[in-house]
Amino acid sequence: MNPKALWSLYLPKWGATMQVAWSNLLVYRLNFLLSAIAPLVVFLVVKLSLWYRVYEGAPSALVGGFTFSQMATYHLWVFLTSLLVFNGNATKISEDIRMGKITSYLIYPFSLWEFHGATFLARTLVQLGIAATTLTGVWAFLSGQVHFPEPHTLALGLLLTLMAAGFWFWANYLVGLIGFWMEETWTLMVMLQILAYFLSGSLIPLSFYPPWLQGLLNYTPFPAIAYLPARVLMGESAGVIQALWVLGFWNLGAALLAQLVWKKGLRLYTAAGM
Amino acid sequence: MIQASLLNKSFRIHKKQPGFIGALGNFFNREYHSKPAVVDFEVTVRPGEVIGLLGPNGAGKTTLMKMFTGIIVPSAGELKVLGQTPHLRSREFRKQIALVMGQKSQLWWDLPALDSFLLLQKYYEIPKADFKRRLDELSTLLGVIDLLEVHVRKLSLGERMKLELMSCLLHEPKILFLDEPTIGLDLVAQRNIRAFLARYQKEKGTTLILTSHYMADVEALCQRLVLILGGKKRFDGKIEDFEQILGNNKIVAYDFDRPLSTEDPVLAPFAPVWNEDRTRVELTIPALQLRELSQKILKDYPVVDFHTEKLPIERVMTQLMDRPELL
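Only a predicted model underlies this, so the values are computations on that prediction, with no experimental measurement involved.

1. Observations concerning the overall build of chain A
Helix and strand content of chain A: eleven helices and zero strands. Shown N-terminal to C-terminal, the secondary structure of chain A runs as helices and strands in the order α-α-α-α-α-α-α-α-α-α-α. Compactness check: chain A gives a C-alpha radius of gyration of 20 Å against a globular reference of 19 Å for 274 residues, within 12% of the reference. Seen along its three principal axes, the alpha-carbon backbone of chain A occupies a region of about 65 × 45 × 40 Å. Put simply, chain A has 274 residues, and 46% of those count as buried. For chain A, the share of sequence-separated contacts (at least 6 apart) that also reach a separation of at least 24 residues comes to 78%. A total of about 13,800 Å² of accessible surface is found on chain A, and carbon and sulfur atoms cover 71% of it. For chain A, the centre of its 13 positive side-chain charges and the centre of its 8 negative side-chain charges are spaced 8 Å apart.

Quick look at the structure:
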């Protein structure tokens, strides 16, 4: 099948699934508003005030090579990239497997990964809107204190983030599929989440870490979740090309592994409760 | 349509002693064993047939349905549905089947059913004009036009089941699998679903495979029954033959205007079952003697009412479930 035919075959299905995901998001209005606002509140109340205490009222002092203003900018970008990346739903996937709720997607001519992929994409796009609104608000509020990147830098940062989001989707999906073997996967998910926070530079910039660990992390997709896009958006693009290759490799590897795990796991599926 | 040969399915299960100690023991030492759910099952289903899969809970009916639809993988044996191997789940195969699950909703709980239908239109690649025509046709037939835009969570079980059915028929499947489609419904809702299915099947010639514990469903819809006991096929034939599986007897109940003697010599040979106050008797009468004996009872006894049993297959089922060795 040629790419045009594939596009016209799959686009309506993905589009319709995304529309349903958006409709579901908007059903409970308060829930939606809270989920949109909560990360910003956490960012302002926890992260910024914490780092302010670290600098102890001396904003021009250097901590790990960052002034307070640079550190705040770094964490603003990290906050925005994490909005785009961390949209997975692994515990829901494994619960659906355990409770036999994936049955419908074994009957429909639309795969479970496609359904979750489209839902993930829908959520990422919503988060993109929230991130853009937050960024505009912060930029207007700080009136020039945050340096706004050039369009091509912004595009590069966004590309890195979206590829990292792709990896995070597959990682989440894989953990969810472990539900074929394990009754509960939330501990695995929490472990992966904590690992990602530490190794991506979400908590502290990776430049705080020993050089050997930084070198090792360059071959993993984690820095692309937070550290690399934040640095790119702050004007430093060293190592981006390698990161794109690394991300491409991990995305492909995780996608192939997910298909393999799906095939193996499905043989164990019992469609409980039917 | 469906061709199963020496089909087997076993599940791997482990047992756990009750309580915390049991949980602890189970944590360190878990013994698994294999439980056969379907054993050497053979069946051939022709296009347009309506087949009822009967059997008690745990007999293997639903496991068969799951294998037929490709949801689970058989442990052994051959299975072809529409010429394809179901568990390979090709898109072409999935576009030609549908599964109605009485105990599981396939509609989006927080959205109106129409949103789910529009999603299914894309999944099944139904052209817009066909979709609109089928939507109008089915919603009129099922009387749910006003419910299409109501959130699914606000609907009654009967209303929801009608919409579940609609969602499964929009792509006009060649085979419709129905797993207890009337479970939990009130009598009117059950009757409506049955009437709709019968009419739809007649019009479209769809092959229906039904499991239900309600014999009224089976009697109203199925021409052929397959009985499964302990994972094995024990009967496969016409519904009329199933009714006579334990002999060609008719069960007739007579109501009298006063108590009678339970020792009555005329009634005694026909295995009479009396009610508490001896005003009602149920007799098992060989078909050949039915006319003659009934005339005699109506003439000589103070009969105020009488009727033959409504669902003979229910009686046969009950007896076979109690005593499978009768087969």
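From this point, the discussion proceeds with the structure in view.
2. Digging into the pattern of salt bridges
Residues and elements named next belong to chain B. Going through the model one piece at a time under the given rule, you end up with 24 salt bridges over all chains. One salt bridge connects Arg194 with Asp217, and the closest N-O pair in it is separated by 2.5 Å. Residue Arg194 is located in helix H7 (residues 187-204), and its partner Asp217 is located in helix H8 (residues 215-221); the two are separated by 23 residues in the primary sequence. When sorted by exposure, Arg194 lands in the same class as Asp217, which is buried.

3. Digging into the domain arrangement of chain B
Residues and elements named next belong to chain B. Under the domain assignment, chain B is made up of domain 1 (2-243) and domain 2 (249-326). Using C-alpha coordinates to define each centre, domain 1 is positioned 37 Å away from domain 2. Opposite the 14 residues of domain 1 that make contact, domain 2 presents ten residues. Note on domain 1 versus domain 2: buried area summed over both sides is about 1,000 Å², and carbon and sulfur give 79% of it.

4. Digging into the sheet that holds strand S4 (residues 76-81) of chain B
Residue and element names in this part refer to chain B. The strand order across the open sheet formed by three strands is S2-S1-S4, and the pairing between neighbours is antiparallel. Whereas interior strands pair on both sides, the edge strands pair on one side only; in this sheet they are strand S2 (32-45) and S4. Between one strand axis and the next, the sheet turns through 30° on average, direction left out of account. Note that strand S1 (residues 2-14) and S4 share five bridges and pair antiparallel. If you follow Asn8 over to S4, its bridge partner there is Ala76.

5. Brief notes about the pairing of strand S5 (residues 97-101) of chain B
All names here are of chain B. S5 sits mainly inside the fold: five of its five residues count as buried. Taking every second residue as pointing to the same face, both faces of S5 are buried, with Ile97, Leu99 and Met101 on one and Ala98 and Val100 on the other. Note that S5 and strand S6 (residues 175-179) share five bridges and pair parallel. In the strand pairing of S6, Met101 is matched with Asp179.

6. With respect to the UniProt feature "transmembrane region" (unreviewed entry) in chain A
All names here are of chain A. Here, the residues flagged by UniProt with the feature "transmembrane region" (unreviewed entry) are residues 32-52, 72-90, 125-142, 154-182, 188-209 and 240-262. What you have in residues 32-52 is 100% helix and 0% strand, and the ends, taken at the C-alpha atoms, are 30 Å apart. In residues 72-90, helix accounts for 79% and strand for 0%; the two terminal C-alpha atoms are 31 Å from one another.

7. Focus: helix H6 (residues 157-169) of chain B
Owing to its 3.6 residues per turn, the α-helix aligns residues three or four sequence positions apart on the same side. Residue and element names in this part refer to chain B. Here H6 contains 13 residues, and its C-alpha end-to-end distance of 18 Å stays within 8% of the 18 Å for a straight helix at 1.5 Å per residue. Among the 13 residues in H6, eleven count as buried, and that is most of the element. Every buried residue belonging to H6 is among Gly158, Arg160, Met161, Lys162, Leu163, Glu164, Leu165, Met166, Ser167, Cys168 and Leu169, and all of these are buried. Buried residues belonging to H6 abut S5, helix H4 (113-123), helix H5 (128-142), S6 and H7.

8. Some details on the environment of B:Phe242
Residue and element names in this part refer to chain B. Looking at the element boundaries, Phe242 is found in helix H9 (residues 239-243). Residue Phe242 is classed as buried on the basis of its relative accessible area of 0%. As for Phe242 and Val218, which are separated by 24 residues in sequence, their C-alpha atoms are 12 Å apart.

9. Re the packing of aromatic side chains
A full pass over the atoms with the stated rule returns 32 aromatic pairs over all chains. For the ring pair B:Phe68 and B:Phe177, a centre distance of 6.2 Å and an interplane angle of 40° mean the geometry is tilted. Taken together, the residues B:Phe68 in helix H2 (residues 61-68) and B:Phe177 in strand S6 connect sequence positions 109 residues apart. Residue B:Phe177 is classed as buried on the basis of its relative accessible area of 0%. Aromatic rings pair up to connect A:Tyr105, A:Tyr108, A:Phe110, A:Phe115, B:Trp108, B:Tyr123 and B:Tyr124 into one cluster. A:Lys13 extends its terminal NZ or CZ atom over the ring of A:Tyr10, reaching a point 5.9 Å from the ring centre. Cation over ring: B:Lys233 sits above B:Phe41, and NZ or CZ is 6.0 Å from the ring centre.

10. Here's the deal with the nonpolar core
By size, the foremost hydrophobic cluster in this structure holds 167 residues, and its most contacted members are B:Ile2, B:Phe41, B:Phe117, B:Leu163 and B:Phe242. The greatest single-element share of this core, amounting to twelve residues, is contributed by helix H7 (residues 151-177) of chain A. Every residue in contact with B:Phe242, bar those within four places of it in the chain, is listed here: B:Leu54, B:Leu225, B:Leu227, B:Phe235, B:Ile313, B:Val316, B:Met317 and B:Leu320. One finds B:Tyr254, B:Phe270, B:Leu293 and B:Tyr301 within the second-largest nonpolar core, a separate group that totals 13 residues.

11. Side note on the side chain of B:Arg94
As for its position among the elements, B:Arg94 is in helix H3 (residues 91-94). Of the side chains with opposite charge, A:Glu114 lies nearest to the buried B:Arg94, which makes no salt bridge, at 6.5 Å. A polar atom in the side chain of B:Arg94 sits 3.1 Å from the backbone oxygen of B:Arg89. Excluding its chain neighbours within four sequence positions, the residues that come into contact with B:Arg94 are A:Tyr105, A:Leu106, A:Ile107, A:Tyr108, A:Pro109, A:Phe110, A:Ser111, B:Arg89 and B:Tyr124.

Definitions and limits used
Residues numbered from 1 in each chain as written. Chains lettered and ligands numbered in written order. Predicted model: local features only at pLDDT ≥ 70, side-chain atom pairs only at ≥ 80, totals over all residues. Heavy atoms only, no water. Helix = DSSP H or I, 4+ residues; strand = E, 2+ residues; numbered from the N terminus. Rg over C-alpha atoms; globule rule 2.2 N^0.38 Å. Buried < 20%, exposed > 50% of the residue type's maximum accessible area, 1.4 Å probe, protein only. Contact = heavy atoms within 4.5 Å. Areas by Shrake-Rupley, 256 points an atom, 1.4 Å probe, with all protein chains shown as cover. Lys, Arg positive; Asp, Glu negative; His and termini not counted. Charge placed at Lys NZ, Arg CZ, Asp CG, Glu CD. Salt bridge = Lys/Arg side-chain N within 4 Å of Asp/Glu carboxyl O. Domains from an automatic or database assignment. Buried area = accessible area lost by both parts, 1.4 Å probe. Pairing = 2+ DSSP bridges. Axes fitted to C-alpha atoms, helices over the stretch in contact; angles between N-to-C directions. UniProt positions renumbered as here; feature names shortened; annotations may be inferred. Expected span 1.5 Å × (residues − 1). Phe/Tyr/Trp six-rings, centres within 6.5 Å; stacked < 30°, edge-to-face > 60°. Lys NZ or Arg CZ within 6 Å of the ring centre and 35° of its normal. Core = buried A, V, L, I, M, F, W, Y, C linked by side-chain atoms within 4.5 Å. Polar contact = N/O pair within 3.5 Å; in protein donor to acceptor, adjacent residues only side chain to side chain.

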